[in-house]
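Structure assessment
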Amino acid sequence: DLLDPERLIQCPLVKHHWIRARRFPYHLVKCKESNPEIAKKLATCPFNARHLVPQADLSNHIMKCNDKAFMEQDVVSWCYEPLQEQLNNESTWQAPPCGEDWET
């Protein structure tokens, strides 16, 4: 189950590291610091920072990344949101009437 926080994920930096999904982001930060030479050879996916791939494979990964679909879906739904709904989301705040008379 992809949503299970207890599932084990293999570290992209050190293949014998297996980390629980809920700890994976924290592990990546520490593992990058501990293995800077390996980390230099990997690129981060623009759609999911948990995806580290060899730099040469990044463009191929971007084309096939499952998280790209979520990003595209958000962009499409935002672009096609009716104009009226966009206008309704804008602030309708108006300044309260001022009782001061600057002429006096």
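Rules and cut-offs
- Residues numbered from 1 in each chain as written.
- Predicted model: local features only at pLDDT ≥ 70, side-chain atom pairs only at ≥ 80, totals over all residues.
- Heavy atoms only, no water.
- UniProt positions renumbered as here; feature names shortened; annotations may be inferred.
- Helix = DSSP H or I, 4+ residues; strand = E, 2+ residues; numbered from the N terminus.
- Polar contact = N/O pair within 3.5 Å; in protein donor to acceptor, adjacent residues only side chain to side chain.
- Buried < 20%, exposed > 50% of the residue type's maximum accessible area, 1.4 Å probe, protein only.
- Core = buried A, V, L, I, M, F, W, Y, C linked by side-chain atoms within 4.5 Å.
- Contact = heavy atoms within 4.5 Å.
- Arc of directions from axis to C-beta.
- Salt bridge = Lys/Arg side-chain N within 4 Å of Asp/Glu carboxyl O.

Quick word on the UniProt feature "domain: CHHC U11-48K-type" (unreviewed entry) in the protein chain
- Under the UniProt annotation, "domain: CHHC U11-48K-type" (unreviewed entry) lies at residues 8-35 and 42-69.
- Helix makes up 39% of residues 42-69 and strand 21%, whereas the separation of the span's terminal C-alpha atoms amounts to 22 Å.

Digging into the environment of Glu37
- In this structure, Glu37 sits in helix 2 (residues 36-40).
- There is a polar contact of 3.2 Å between the side chain of Glu37 and the side chain of Lys40.

Topic: the side chain of His61
- Turning to its location among the elements, His61 is positioned in helix 3 (residues 58-64).
- His61 gets classed as buried once you look at its relative accessible area, which sits at 18%.

Description of the nonpolar core
- Within the largest apolar cluster, eleven residues are counted, these being Ile9, Cys11, Leu13, Val14, Ile19, Ala21, Phe24, Leu28, Cys31, Leu42 and Leu52.
- Here the element with the most residues in this core is helix 1 (residues 24-34); it accounts for three residues.
- The contacts of Leu28, once residues within four sequence positions are left out, are Pro12, Leu13, Ala49, Arg50 and Leu52.

A closer look at the environment of Ala21
- The topology assignment puts Ala21 in the loop between strand 2 (18-20) and helix 1.
- The exposure class assigned to Ala21 is buried, which follows from its relative accessible area of 8%.
- Here the alpha-carbon distance between Ala21 and Asp4, two residues 17 residues apart in the chain, equals 7.4 Å.

Concerning helix 1
- Among the residues making up helix 1, those that are buried are Phe24, His27, Leu28 and Cys31. For helix 1, the angular spread of the buried residues around the axis is 105°, confining them to a single face. Across from the buried face of helix 1, at angles greater than 90 degrees, the exposed residues are Tyr26, Lys30 and Glu33.
- Buried residues belonging to helix 1 abut strand 1 (8-10), strand 2 and strand 4 (52-54).

Here's the deal with the pattern of salt bridges
- All told, the structure shown has three salt bridges when counted by the stated rule.
- Ionic pairing is found between Lys40 and Glu37, a salt bridge with its closest N-O pair at 3.2 Å. With a gap of three residues between them, Lys40 and Glu37 both fall in helix 2, about one helical turn apart. Of the two residues examined, Lys40 and Glu37, each falls in the exposed class.
- Three or more residues are tied together by salt bridges with common partners; here these are Glu6, Arg20 and Arg22.

Digging into the environment of Ala39
- Here Ala39 is to be found in helix 2.
- Sequence-wise, Ala39 and Pro12 are 27 residues apart; in three dimensions their C-alpha atoms are separated by 9.2 Å.
- Residues contacting Ala39, with those up to four places away along its chain left out, are Leu13 and Lys32.

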